[in-house]
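Okay, here's what each chain looks like letter by letter:
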Amino acid sequence: MNSGTILLLFVFIYFVGLLVISYFTSRNSDNQSFFIGNKKSKWWLVAFGMIGTSLSGVTFISVPGTVGKMTGSEYIYGGFEYYMMVIGFFIGYFIVAAILLPLYYKMNLTSIYTYLGKRFNVEAHKIGSIFFIISRAIGATARLYLVVNVLQIFLLEGLGVPFWVTSLVLLLMVLLYTFEGGVKTIVITDTLQTSFMIISLVACIAYILSNLNLSFGEAYTILEQKNYTHFINFDPNSKTFFLKTILGGIFITIAMTGLDQEMMQKNISVDNLKNSKKNMLTFAGTLLFVNLAFLFLGGLLYLFALQHAAEYGTITSDTVTNIFGFKDASGNIKNIMGDDLFPALSLQGYFPMAISIIFIIGLISALFPSADGALTAVTSSYCVDLLNINEDKTKTEKEKKHIRMKVHLTFTVVFFILIMIFKALNDKSIVYLIMEIAGYTYGPLLGLFAFGIFTRFKISTKHSILVVTLLAPVITYLINLAVTTYTDYRIGVELIVLNGLLTFIGLWLVKDKQHLRVV
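Residues numbered from 1 in each chain as written. Predicted model: local features only at pLDDT ≥ 70, side-chain atom pairs only at ≥ 80, totals over all residues. Heavy atoms only, no water.

Our next topic: the overall build of the chain. What the chain contains, in helices and strands, is 19 helices and three strands. For the chain, buried positions account for 58% of its 519 residues. When contacts within the chain are restricted to residue pairs at least 6 apart in sequence, those whose partners lie at least 24 apart make up 81%. Working note: accessible area of the chain is about 20800 Å², and carbon and sulfur atoms make up 66% of it. (Helix = DSSP H or I, 4+ residues; strand = E, 2+ residues; numbered from the N terminus. Buried < 20%, exposed > 50% of the residue type's maximum accessible area, 1.4 Å probe, protein only. Contact = heavy atoms within 4.5 Å. Areas by Shrake-Rupley, 256 points an atom, 1.4 Å probe, with all protein chains shown as cover.)

Okay, structure coming up:
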């Protein structure tokens, strides 16, 4: 039995385990089990499981790859600059716990976009849900593409399996174990998957330290000497300037967690507000350490590769491209810098089989929480916000469940199509691509919620909210294009702040004169 077959066997065993969990957790489940777990989830289970959902394949593969990635600026490598965004995430979680969670629990929401309907009108409710569905579908499938592509290139391509088959099979796996139980199931499965992801992280760090015969302190000293550990980018024109990275991280968390049905449906599945806050803050603190560990792993991966004859180089065509990797028989460097580094070392014979198995399990554990939560959340939002299924008194529970299952299946097809689009685009810097997409799609949600919470104005002019939320991303894009073309400044993750601010200003311009008591 070859190594590829052995690794696939472990993937199959892992999936069977998820199906067993799904069977037991989905018994006697109904629509409320699917949407919010009957509000009986344990806060500590949700907190631990959310680590896996938040990290995903992006953190598992892309974040380590950024450490030794050449930036083309005064900072030779990306280093630990990503950690400034993590600090922003941490601050953002406190804001979500202090402002948004109390609001959601006070209103006893199944979908958080119901708030927009009660605060403004049905139009705002629908727009909020649609922006979420677009945002989460694109973000989740970008993350899925990253992991599926790794499995394809390093494992399945050699077995003659087409990319579309790999994508379809993995999505059908997710569909099978979330079809009945929804949130009630994924609270448990995400906890299991987070455990495997962290075990994989720790095991890989331990193996590389042992292989290089280094202690933790010695390894960090060498990383410092190679300029792999700088945290702060002081160049204000750079996309990763530390102040705007922290600011962007704060607002990305508020939008992508606090205003995101996937993340919030798990939080509001906890029995009360106090425990939900406890969940959020525990989760936030844990992420500080886990992300730092992934960056440290990234540095170790580059050290390991350099120790085993990898080297930096350049490719010159119309532009000069920096590369990093091992030379082939003809003396050309095969580039593995960035997203391909961890998979290449794990699955191309540089690590022993035991570590390869642990990597595959960790990778699959990073894939499934991104897919299962997103698929469940977009289904929930579509059913609750757009079809108004909870308020429909003309249909029986059985009929509602049948509708929900059809929607769930339809979104599985949509996810498959989006993965194929990402494959066609073939972008190698997926971690920052996702953040940029989030800036355009979550910005209107940020502006809508901010206007609703911090002002007391009504907006009753028909379609005015729709016009504002469509124009804001377009104007944001034009501003970004103009700034990039005519100045040295580069807009980074603060894009979401600009978009949200433009949405807020637009809503202010179309507001009614009379005030409204805030819900």
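Read on, since the account is not over.
Working definition: an aromatic ring pair is given by the centre-to-centre distance plus the angle between the planes. A complete count under the given rule lists 31 aromatic pairs for this structure. Ring geometry for Phe 60 against Phe 294: centres 5.9 Å apart, planes inclined by 70°, an arrangement best described as edge-to-face. Taken together, the residues Phe 60 in helix α3 (residues 43–66) and Phe 294 in helix α12 (residues 273–307) connect sequence positions 234 residues apart. Comparing Phe 60 with Phe 294, the two get one shared label, buried. Taken together, a centroid distance of 5.7 Å and an interplanar angle of 45° make the contact between Tyr 228 and Tyr 302 tilted. Of this pair, Tyr 228 sits in the loop between α9 (216–225) and α10 (242–258) while Tyr 302 sits in helix α12, and the two are 74 residues apart along the sequence. The pair formed by Tyr 228 and Tyr 302 is uniform in burial state, with each residue classed as buried. Here the aromatic residues Phe 120, Phe 451, Phe 457, Phe 504 and Trp 508 are joined through ring pairs into a cluster of three or more. In this arrangement the basic side chain of Lys 244 is found over the ring face of Tyr 489, its NZ or CZ atom lying 3.9 Å from the centre. Between Lys 423 and the ring centre of Phe 163, over which it is positioned, the NZ or CZ distance is 4.8 Å. (Phe/Tyr/Trp six-rings, centres within 6.5 Å; stacked < 30°, edge-to-face > 60°. Lys NZ or Arg CZ within 6 Å of the ring centre and 35° of its normal.)

By the secondary structure assignment, Ser 381 is in helix α14 (residues 353–386). Residue class for Ser 381 comes out buried when judged on its relative accessible area of 0%.

Moving on: helix α4 (residues 82–106). Its 25 residues give α4 an end-to-end C-alpha distance of 35 Å, which sits within 8% of 36 Å, the value for a rise of 1.5 Å per residue. The axis of α4 is deflected most strongly, by about 35°, at Ala 97. Positive backbone phi, at 55°, marks Asn 108, one or two positions downstream of α4. (Expected span 1.5 Å × (residues − 1). Bend = angle between axes of the 7 residues up to and from the residue.)

So, on to unusual backbone geometry. Positioned with a positive phi, Ala 309 is a non-glycine residue whose angle comes to about 80°. Topologically, Ala 309 is positioned in the loop between α12 and β1 (311–316). Phi is positive for His 463, which is not a glycine, with a value near 70°. Secondary-structure assignment places His 463 in the loop between α17 (443–454) and α18 (464–486).

Next up on the list: the pattern of salt bridges. Summed over the entire model, instances satisfying the criterion amount to three salt bridges. Between Arg 136 and Asp 260 there is a salt bridge, with the nearest N and O atoms lying 2.8 Å from each other. Within this pair, whereas Arg 136 is found in helix α6 (residues 122–156), its partner Asp 260 is found in the loop between α10 and α11 (261–267), the two being separated by 124 residues in sequence. For Glu 311, the salt bridge is made with Lys 327, and the minimal N-O distance between the two is 3.7 Å. Of this pair, Glu 311 sits in strand β1 while Lys 327 sits in strand β2 (residues 320–327), placing them 16 residues apart in sequence. (Salt bridge = Lys/Arg side-chain N within 4 Å of Asp/Glu carboxyl O.)

Attention now moves to helix α19 (residues 495–509). Since one α-helical turn is 3.6 residues long, residues separated by three or four positions face the same way. Spanning 15 residues, α19 covers 21 Å between terminal C-alpha atoms, matching the ideal 21 Å at 1.5 Å per step. Three or more residues of α19 are buried, namely Leu 495, Ile 496, Asn 499, Gly 500, Thr 503, Gly 506 and Leu 507. In a view along the axis of α19, the buried residues occupy a sector of 130°, so they form one face of it. (Arc of directions from axis to C-beta.)

Attention shifts here to a nonpolar patch on the surface. On the surface, Leu 9, Phe 10, Phe 12, Ile 13, Val 16, Val 20 and Phe 24 cluster together to form a nonpolar patch covering roughly 620 Å² of accessible area. Mapped onto the elements of the fold, Leu 9 is located in helix α1 (residues 3–25). (Patch = residues over 30% accessible without salt bridge, like charges linked within 9 Å, V, L, I, M, F, W, Y side chains within 5 Å.)

With that out of the way, let us pick up the environment of Asp 260. Given a relative accessible area of 0%, Asp 260 falls into the buried group. Note: C-alpha distance between Asp 260 and Phe 132 (128 residues apart in sequence) is 6.6 Å. The residues touching Asp 260, leaving out its near neighbours within four places in the chain, are Ile 112, Tyr 113, Phe 132, Arg 136, Ala 255 and Tyr 442. A distance of 2.8 Å separates the side chain of Asp 260 from the side chain of Arg 136, its partner in a polar contact. (Polar contact = N/O pair within 3.5 Å; in protein donor to acceptor, adjacent residues only side chain to side chain.)

Looking now at the side chain of Thr 253. Considering the arrangement of structural elements, one finds Thr 253 in helix α10. The residues touching Thr 253, leaving out its near neighbours within four places in the chain, are Gly 88, Phe 89, Gly 92, Tyr 93, Val 96 and Gly 258.

Before going further, it helps to examine the confidence of the model for the chain. Looking at the chain, the pLDDT average stands at 82 and 85% of residues meet or exceed 70. Note that pLDDT drops below 50 for residues 30–38; the model gives that stretch 44 contacts with residues more than four away or on any other chain. (pLDDT = per-residue confidence, 0-100.)

Let us look at the environment of Met 256. Along the chain, the position of Met 256 falls in helix α10. Residue Met 256 is classed as buried on the basis of its relative accessible area, which comes to 10%. Once the C-alpha coordinates of Met 256 and Thr 441 are considered, the two residues, 185 residues apart in sequence, prove to be 10.0 Å apart.

Remark: α9 packs on α12, axes separated minimally by 10 Å, with the N-to-C direction vectors making an angle of 75°. In terms of their interaxial angle, α9 and α12 are classed as roughly perpendicular. Two secondary-structure elements touch here, α9 through Phe 216, Ala 219, Tyr 220, Ile 222 and Leu 223 and α12 through Phe 296, Gly 299, Leu 300 and Leu 303. (Axes fitted to C-alpha atoms, helices over the stretch in contact; angles between N-to-C directions. Parallel < 35°, antiparallel > 145°, perpendicular 65-115°, else oblique.)

A few words on the packing of α4 against α12. It is at 10 Å that the axes of α4 and α12 come closest, and there the two elements cross at 170°. Our classification of the angle between α4 and α12 gives roughly antiparallel. Here the contact of α4 with α12 is built from residues that sort into 20 nonpolar, three polar and one charged. (Nonpolar A, V, L, I, M, F, W, Y, C, P; charged D, E, K, R; others polar.)

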